[in-house]
Amino acid sequence: MTPKKGINGSLVYENDDVELVSSFVQRGYRTTPIIYINGKKVPDHTLKQSKPNQTLLSFLRDEMHLTGSKLGCGEGGCGACSVMISKYSTIQNKIVHFAVNACLMPVLAADECHVTTIEGVGSCFSTESGKNDDGLHPIQKAMVDMHGSQCGFCTPGIIVAIYSLFANNTTKDYIEEHLDGNLCRCTGYRPIWDAARSLCTDIEHEGEGKGPCGTSCRECPERNTCTMDCNTQDIQNEQEESSSSSKCSSSSILEKFLKPQTTIDWNQNKIDENNNNKWLDQPNEMFPKELIPNQNDDNLPIKPLMVVDRTYHKAGTWFKPTTLNELLSLMKRFSGECKIIVGNTEVGIETKFKHSVYPRFVSPSESIASLYSFSKSDDSLTIGSCVSLSTIQHECSEIVQNHSKDDNEFKKIAEPIHDMLRWFASTQIRNVACLGGNLATASPISDMNPMLACMNATLTLSSLSGNSGENDDDNRNDTIERRNVLVSDFFLAYRTVDLEPYEIVETIIIPKPKALFEYIFPFKQAKRREDDISIVTSGMRIVVAPCGDEFTIVEVSLAFGGMAPRTVMAKSTAEYLVRKPFKKETFTDAKKVLLQEFDLPDDVPGGQAQFRKALACSFLYKLYMMTCKAIGNDLALIEKNPNLTTSIGEISLPKAPTIDENEESAIESFVHGKKPSIQGKQIYPTPKVAVGLEGKARDSSSMAAQVASKGRKDEVGNPATHASGPLHCTGEALYTDDIPLPPGTLQATLILAKTCNSKYVSIDTSVALNTPGVVAVYTHEDIQKIGGDNIMGPIEHDEFVFLPRGEVIQFVGQVLGVCIADSLDNSEAGARSVVVEYGESLGKPVVSIEDAIEAESFYGFARHTMERSNPMSISSDDKIVKVSGSFRCGGQEHFYLETNSTLAVPSESATNMTVYTSTQAVTKTQMYCASATNLAASRVVVRMKRMGGGFGGKETRSVFASCAAAVAAKISNCPVRLTLSRDVDMSITGGRHAFLAKYEASAVIKDETKEVKLNSLKVELFCNGGSAFDLSGPVMDRALFHVDNCYFWPEFYAEGVPCKTVQPPHTAFRGFGGPQGLATCEHIIDHLALECGVSGYKLRRNNIYKVQEATPFGMILGEEFAGKWNVPTMWDNIHSSLNIDSRQKDIDDFNSNNKWVKRGLSLLPTKFGIAFTAKYMNQGGALVHLYTDGTVLVSHGGTEMGQGLHTKVCQVAAQAFGIPLNDVYVNDTSSDKVANTIPTAASMSTDMYGMATLDACRQILKRIEPIRQNMSPDATLKEVANKAFFERIDLSAHGFFALDNSRCGYDWTLEKPKDFPNDKPQNSWKGHPFNYFTQGVAYTEVEVDVLTGNHRTIRSDLLVDVGCSISPALDIGQIEGAFIQGMGWCTLEEIIYGDDDHTWVKPRGRMFTTGPGTYKIPAFNDVPETFNVSLMDNADNPFAVHSSKAIGEPPFFLGCGVFYAIKDAIKAARSENCTEGYFELRMPATSERIRMACLDDISLDCIATTNAIKEERLSVAKTYQPKGSV
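About the thresholds
- Residues numbered from 1 in each chain as written.
- Predicted model: local features only at pLDDT ≥ 70, side-chain atom pairs only at ≥ 80, totals over all residues.
- Heavy atoms only, no water.
- Pairing = 2+ DSSP bridges.
- Helix = DSSP H or I, 4+ residues; strand = E, 2+ residues; numbered from the N terminus.
- Contact = heavy atoms within 4.5 Å.
- Axes fitted to C-alpha atoms, helices over the stretch in contact; angles between N-to-C directions.
- Expected span 1.5 Å × (residues − 1).
- Buried < 20%, exposed > 50% of the residue type's maximum accessible area, 1.4 Å probe, protein only.
- pLDDT = per-residue confidence, 0-100.
- Phe/Tyr/Trp six-rings, centres within 6.5 Å; stacked < 30°, edge-to-face > 60°.
- Lys NZ or Arg CZ within 6 Å of the ring centre and 35° of its normal.
- Right-handed = clockwise from strand over helix to strand, strands pointing away.
- Disulfide = S-S within 2.5 Å.
- Parallel < 35°, antiparallel > 145°, perpendicular 65-115°, else oblique.
- Left-handed = near helix turned anticlockwise from the far one by under 90°.
- Polar contact = N/O pair within 3.5 Å; in protein donor to acceptor, adjacent residues only side chain to side chain.
- Core = buried A, V, L, I, M, F, W, Y, C linked by side-chain atoms within 4.5 Å.

Caption draft 1: Geometry of the sheet that holds strand β40 (residues 1157-1170). Read from one edge to the other, the open sheet built from 5 strands follows the order β23-β48-β47-β46-β40, with strand pairing classed as mixed. The open sheet has two edge strands, β23 (682-683) and β40, and neither has a second partner. Bridge count for β23 against strand β48 (residues 1426-1431) is 2 bridges, and the pairing is parallel. Note on β48: the bridge partner recorded for I683 is S1430. The sheet contacts of helix α36 (residues 1127-1137) involve β40, β46 (1332-1345) and β47 (1351-1361), and relative to β46 the element is tilted by about 30 degrees.

Structure (structure tokens):
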């Protein structure tokens, strides 16, 4: 590409390939692609706007304005962008359908394809019936009715993924196996599983039905009132069963589902009772006939495609050759300047995140048969380099399932390939990725490259030879040359392979193994099982032969990924093993060779040196164990069929190697195991409208009571579906980035600092301003010019909108300015071209808590202490047990699926501003946007429709982005949209605070009863607050309020201080410090239980607070003080109903019989205080309009982020007016409707806005009561409202609620008054920090693989007190989602910064885990296999609206039961290895921490030198900590 001077001297690039177009057209090339979307052909003039480097997602959203597909990560890791591709496969001779990540797939790769987006699946509005919700596809309806969406941002992608799976296979096993490419941060996945399985055609629904609510119809508390078809049909079935001598099977869930729905909006086809499965034909029915080859044109070659970017944006040229010669001709002609694209799963990452520019992309057509072939010959399996991994997986599955005795050898190839591919990336990635790309990119942690290397696979590399030169117009007639290279020799160095620029990988040839005594096994371990890059991966092949009375190792091939900068063979270890006897001792010695061969240094890139070595050795041990079993299987086959030995001759066969029964568990691996079927029950009490804080639930004189008496059902207590559920499921719910842009809108990109702890000296924007399309670059000086205030901060004003020059850069990624341009590509290019000058480093940056303690870097003004002394009676015969230690829990990324996004629209010469944004803090955003732009707050309107998740991350950390957009919009007088990319959002917005606790604690063992009672706790808490204060002080305060958990500590002292570091400012996250305090407490309880010799759950139960006992902060537990204290009852309920003692015995028995797989359990309680600890924040307003048609519009100060707040508020209003829920609506949250709002946080929103809404409703009802009394008793609300309007009665009201002064607020500095009564609890004079407690108990059971660190959650049973639920379905959804998020925090979600433990991350202080590729939240496969949730009965709460309780945050900590169950399993493993006693398991319990904590001989060898005696090695190992997230 040749640079040229453009308009105004800007630097542009002209594509030299423009001059070649005519010659390629003469060769038969097309220049316009053919693409169909949702059944319609995309016009040529629109397709001409597409660029070679443009993703399909960008095209769909920007050109086609189809915004249902979302941009969640941009790297194919979350699935929010999933769409279905359909094309006619000439190889399979049929239409094929598969899901892809539109954020990675180039739009031009969809040439000759049909694209189905969520909009093409179904719509809320049916064009046939003219009714809303009538056009929903069955999958969409199932997701709505089964509560499968909360925030809804991920929902379209999930539905399309399920839709694509059903287009291929409708069985339950298939869906459970392949639904692995989507992430959801809200729901906990269980309702999505239920929705998907409900439509599977092979599910048996015998006996009683199970409704969309997830509860068995016959167990449903609304059995007699529920009118859903599932229940009415099941009642009919039950009646038929009782009148018949034989039991009848009920109809399937699918049939029950579809009866209410008569039409869907695709192709005007009806779904009726006699044709319920017709919807399965939708993908084929929608497929354009024009894309199906005419049977008469079989010999007509498909035309190749050439698309040249003519926009000067360096988008390159796209080629789609249709013959091998054409492909090789391009490779020769443009040698070194072509990038072959098949799946774009690697190149897409390089172009987006590494900003690589490629002049030409070559996408081979499927018509090139050799590249897309999969065939068997007599001696080998040949796979074309472009065959998709999904196709390989399917073909291998077919071989495994249908193999005969004659081709058992091919099964030995197919099975390990299939098993490895099951866990390779995701279904969406496998659908397009290919082996050729995997090999050519040479990832050092590829799963398939080691597999192929160990199999002795050979690559066929092809190129053109001949006399034509590289620049000749046509070299297609040159001869094809081929050469073969072993896969094991193909990888030369990091990302370097033995492939010339003009060559391609044409085929992969895998030789057929021997029929007997040759085995191939796959191994891998990652942070997360599904859709994760391996930490270490391996393919191992071994050949043994009979030799006397034993087997001898004849050949070994050990290939590894993750142990070197390239795929590497463990040659020394293999050489050692060959000709050795096949026995355990041989492999024990080989382990030492392997450790010498892979002696990774501590600072190896990627870290985890000891863990990676341990995995390699563990895989070697597993190889031995699995081979033992395989030999036994072969000998059993020979015994059945002696003729099988013809291949090895007439020899005497030794007996199979024996393995101890308790070691057989080493053979187990998730790699070849069946994926679990997630199941569970959701149980809630009979719904009722209870008396709560509002006083009388019903007023007999009220209009509402009169209307309700007409037979209308109560809306409060009803398990309503999410109000936006249908919109979520059709992609029609708009988020900030989906809002149609006003004309002239500019796109913004932040300019970020690339280092920290040095001065910001200067900035040069000249190159940026000369970048095509760039309009302006704004810095702090521009804010000064308009008179704006550059300072901001939620508590301390210690942050800037744009960092001023001369200031110290506080963290990597601090915002220096913003670049605006006519497109996002141009604004990003402009921002990258800005040159920033940094000063000298001001010293070693303080990154970690330990760094801060050493440097005494604290927010000292926020240091608080809590102390009480209530000594217990201790006799001289009682034994006091003391412990001390430390505990660390890591941070957590919010990973809301929708990143921070703002659209700022100025008006009237920028004297007014409307800001559309994704925020939890509407007023805070309004005030800071106003101050930054020098506008009055009354001139700035902030509107928030819905968020795609928040979890606290958008309470304060969204504001700076909105301010940047507002400043740009103000100065440019143009609308400006700023949407952070996933990596930027994660890098700079902060997250949950990491904590370090140092403690001393004691317990007393009573001499007479041997009962163990807690005695004292002294704990210091430190949290990593980051570079600005944000909310770190209140977060620490809540940790202090919860560090007692549910236990009475007579002597208590807790001190907490936030640390100042160079990490981004950390902020609110679900639980707000509470989980960190609770986790600290449970760690200490475990420590005490171990030292006291009692079980953890016995110690817990014996010390749970009793009614009338007080917390360390002075709140008395009991009805008149904090509501009912239900934890003891709940604990006993769970303990008895699950028979925990029996389960413990079963686990002990299991552990004694299995050396390498251990199980553990935990039983945890929680109490979570409900209220803002800052008193002024406990207030809320609502505006209610009653319209003359009898419908109601509610506006309130809370924001909807998926928690169902709007739905619950609508239920409250509907109950008040006695009208159906559908007649009440919340549009958005806007600062010009309800002013001076409080951020939606602290789980307080329903409490505040439910009461405020009810206040407004009652005002209106009171006004219209006289009108109603003069009308007929049968008068409807519509009639009454209409008459009231003509009587000039105000039908609008503003409601307000403020929590009573006596039930909120806590002053840490308040000294005890002299006249304070001594009989009142200590510290109660400081206030009453919480209105009440939401409480819960959770039982969890896990299983751990000692050799790899993999774990699975077998079951979790939760019992939660939510008062009298306003919406049980929504509350259960919040419980499940919070549990899974908490489970993720304590097991998978590891945050890494460049620090002393991770010196390979540069610069120091930079965040490494900035996307789904490096940061893992729980996936579909991580859910507890049995997941039961129950809501407590008889749990009225007089302190909240309708006797309900807050639920958003409290269940989060229950997910930590997985952590403590894992710890219990590790304890069993350590006990087996004679390593009993206390150990600090840091949070999160990643696979690394689990594996290395088990302290078996393998991990010991990797931690400590093998030359020392075992006692010395154990001493070293006990103090060893894997280098995790803290």
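Additional details are given in the paragraphs that follow.
Caption draft 2: Local environment of helix α15 (residues 408-422). For α15, with 15 residues, the first-to-last C-alpha span of 21 Å sits near the 21 Å given by 1.5 Å per residue. The buried fraction of α15 amounts to 13 of the 15 residues, a majority that puts the element mostly inside the structure.

Caption draft 3: Spatial organisation of the pairing of strand β24 (residues 746-752). Of all 7 residues making up β24, 6 are buried, and the element is well covered by its neighbours. Looking at chain direction, β24 and strand β36 (residues 976-979) are connected through 2 bridges and run parallel. The partner of L746 across the bridge, within β36, is V976. Examined bridge by bridge, β24 and strand β29 (residues 815-821) share 6 bridges and lie antiparallel to one another. Its bridge partner lying in β29, T749 is registered against C819.

Caption draft 4: Structural detail: the confidence of the model for the protein. In the predicted model, the protein carries a mean pLDDT of 91, and 91% of its residues have values of at least 70. Contacts for the low-pLDDT stretch residues 1-12, under 50 throughout, to residues beyond four places or in other chains number 29 contacts. Within the model, pLDDT remains below 50 along residues 240-275, and this stretch shows 91 contacts once partners closer than five positions in the same chain are excluded.

Caption draft 5: Structural view of the packing of aromatic side chains. Within this structure, the stated rule accounts for 41 aromatic pairs. Seen in terms of ring centroids, Y189 and F1420 are 4.4 Å apart; in terms of plane orientation they differ by 50 degrees. Their pairing is tilted. Of this pair, Y189 sits in the loop between α7 (172-178) and α8 (190-198) while F1420 sits in the loop between α41 (1368-1387) and β48, placing them 1231 residues apart in sequence. F1420 gets classed as buried once you look at its relative accessible area, which sits at 1%. Clustering of aromatic rings is evident, with ring pairs tying together F1041, F1113, Y1306, W1308, F1330 and F1333. In this structure, K954 is placed above the aromatic ring of Y896, and the distance from its NZ or CZ to the ring centre is 4.5 Å.

Caption draft 6: Expanded view of the environment of P522. Position of P522 relative to the elements: it lies in strand β19 (residues 518-526). For P522, a relative accessible area of 8% gives the class buried. Put simply, P522 and S538 are 16 residues apart on the chain and 6.0 Å apart in space, counted from C-alpha to C-alpha.

Caption draft 7: Layout of the pairing of strand β38 (residues 1012-1026). Summarising burial for β38: 12 of the 15 residues are buried, a large majority. Pairing geometry for strand β37 (residues 995-1005) and β38, over 11 bridges, is antiparallel. When the bridges of β38 are listed, I1005 appears paired with V1012. A loop of 6 residues connects β37 with β38, the two strands running antiparallel in sequence, and K1010 in this loop sits at a positive phi of about 65 degrees. What joins β38 to strand β39 (residues 1051-1060) is helix α32 (residues 1032-1042), and the crossover it makes is right-handed.

Caption draft 8: Up close: the state of the cysteines. Following the criterion strictly, the structure yields 0 disulfides and no others. No disulfide involves C151; its sulfur sits 3.7 Å from the nearest other cysteine sulfur, which is in C186. What makes C151 buried here is its relative accessible area of 5%. Among the cysteines around C1210, which has no disulfide bond, C1257 carries the closest sulfur, lying 9.9 Å off. Take C1210: its relative accessible area is 5%, and that puts it in the buried class.

Caption draft 9: Broad picture of the packing of helix α5 (residues 138-145) against helix α6 (residues 155-166). The interhelical angle for the contact between α5 and α6, taken along N-to-C directions, is 130 degrees, at an axis separation of 10 Å. If you check the angle between α5 and α6, you find them oblique. Note on packing geometry: the crossing formed by α5 with α6 is right-handed. Between α5, through I139, Q140 and M143, and α6, the contact on the second element is made entirely by T155, I158, I159, I162, Y163 and F166.

Caption draft 10: The arrangement of the sheet that holds strand β10 (residues 339-340) in detail. Spatially, the 4 strands line up as an open sheet ordered β8-β9-β11-β10, and their pairing is mixed. Every other strand in the sheet has two partners, leaving β8 (305-308) and β10 as the edge strands with one partner each. With 4 bridges joining them, β8 and strand β9 (residues 317-320) adopt antiparallel strand pairing. Paired with V307 across the two strands is W318, which belongs to β9.

Caption draft 11: Region of the structure containing the side chain of T1475. Relative to the elements of secondary structure, T1475 occurs in the loop between α42 (1457-1472) and α43 (1487-1493). There is a polar contact of 3.0 Å between the side chain of T1475 and the backbone oxygen of N1473. If we ignore the near neighbours within four places in the chain, the residues touching T1475 are R1470, L1495, L1514 and K1518.

Caption draft 12: Here's a closer look at the environment of D234. Along the chain, the position of D234 falls in helix α9 (residues 229-242). Overall, the relative accessible area of 0% leaves D234 in the buried class. Sequence separation between D234 and M286 is 52 residues, and the spatial gap between their C-alpha atoms is 35 Å.

Caption draft 13: Molecular detail of the nonpolar core. One finds F560, F582, W1049 and F1217 to be the most contacted residues of the largest nonpolar core, which totals 283 residues. Formed by 73 residues, the second largest nonpolar core is a distinct cluster that contains F59, I85, C103 and M420.

Caption draft 14: Summary view of unusual backbone geometry. Residue P1403 follows K1402 across a cis peptide bond; omega there is -10 degrees. For P1403, the position within the fold is in the loop between α41 and β48. Geometrically, the link from M1483 to P1484 is a cis peptide bond, its omega value of 15 degrees lying close to zero. By the secondary structure assignment, P1484 is in the loop between α42 and α43. Even without a glycine there, the phi angle at N1139 is positive, about 50 degrees. Tracing the chain through its elements places N1139 in the loop between α36 and α37 (1140-1153). Accessibility expressed as a relative area gives 43% for N1139, which makes it partly exposed.

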